[in-house]
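The lines below spell out each chain.
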Amino acid sequence: MHARRLVFGGFTASGARGYHYRILAALHEFGPASQAELGRRCRVDHHESR
């Protein structure tokens, strides 16, 4: 839990959001993917990224 707070604290400080982390983690784990595939894998609603 502490590590999670540190990671998200760093993201928040740089203006990033939780879905940014999920997308980067998916790219790291699965490699290149289309925007649609990343959205499905990360369960990111297109309204969330606005």
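Everything here concerns the structure above.
The present account deals with the structure reproduced in this document. (Residues numbered from 1 in each chain as written. Predicted model: local features only at pLDDT ≥ 70, side-chain atom pairs only at ≥ 80, totals over all residues. Heavy atoms only, no water.)

Notes on the packing of aromatic side chains
- Within this structure, the stated rule accounts for zero aromatic pairs.
- Over the aromatic face of Phe30 sits the side chain of Arg41, whose NZ or CZ is 4.2 Å from the ring centroid. (Phe/Tyr/Trp six-rings, centres within 6.5 Å; stacked < 30°, edge-to-face > 60°. Lys NZ or Arg CZ within 6 Å of the ring centre and 35° of its normal.)

A short note on the environment of Tyr19
- Mapped onto the fold, Tyr19 is located in helix H2 (residues 18-30).
- Separated by 13 residues in sequence, Tyr19 and Pro32 place their C-alpha atoms 17 Å apart. (Helix = DSSP H or I, 4+ residues; strand = E, 2+ residues; numbered from the N terminus.)

Focus: the packing of H2 against helix H3 (residues 35-42)
- At their nearest, the axes of H2 and H3 sit 10 Å apart, and the two run at 105° to each other. By the angle between their directions, the pair H2 and H3 is classed as roughly perpendicular. Across the interface between the two elements, Arg22, Ile23, Ala26, Leu27 and Phe30 of H2 pack against Leu38, Arg41 and Cys42 of H3.
- In the contact of H2 with H3, the residues fall into six nonpolar, no polar and two charged. (Axes fitted to C-alpha atoms, helices over the stretch in contact; angles between N-to-C directions. Parallel < 35°, antiparallel > 145°, perpendicular 65-115°, else oblique. Contact = heavy atoms within 4.5 Å. Nonpolar A, V, L, I, M, F, W, Y, C, P; charged D, E, K, R; others polar.)

Structural notes on unusual backbone geometry
- Positive phi, normally seen in glycine, also occurs at Arg43, with a value near 55°.
- Here Arg43 is to be found in the segment after H3.

A look at the nonpolar core
- Counting five residues, the largest nonpolar core consists of Tyr19, Ala26, Leu38, Cys42 and Val44.
- Put simply, the parts of the chain that give this core at least two residues each are H2 and H3.
- Ignoring anything within four residues of it in the chain, the contact list for Cys42 reads Arg22, Ile23 and Ala26. (Core = buried A, V, L, I, M, F, W, Y, C linked by side-chain atoms within 4.5 Å. Buried < 20%, exposed > 50% of the residue type's maximum accessible area, 1.4 Å probe, protein only.)

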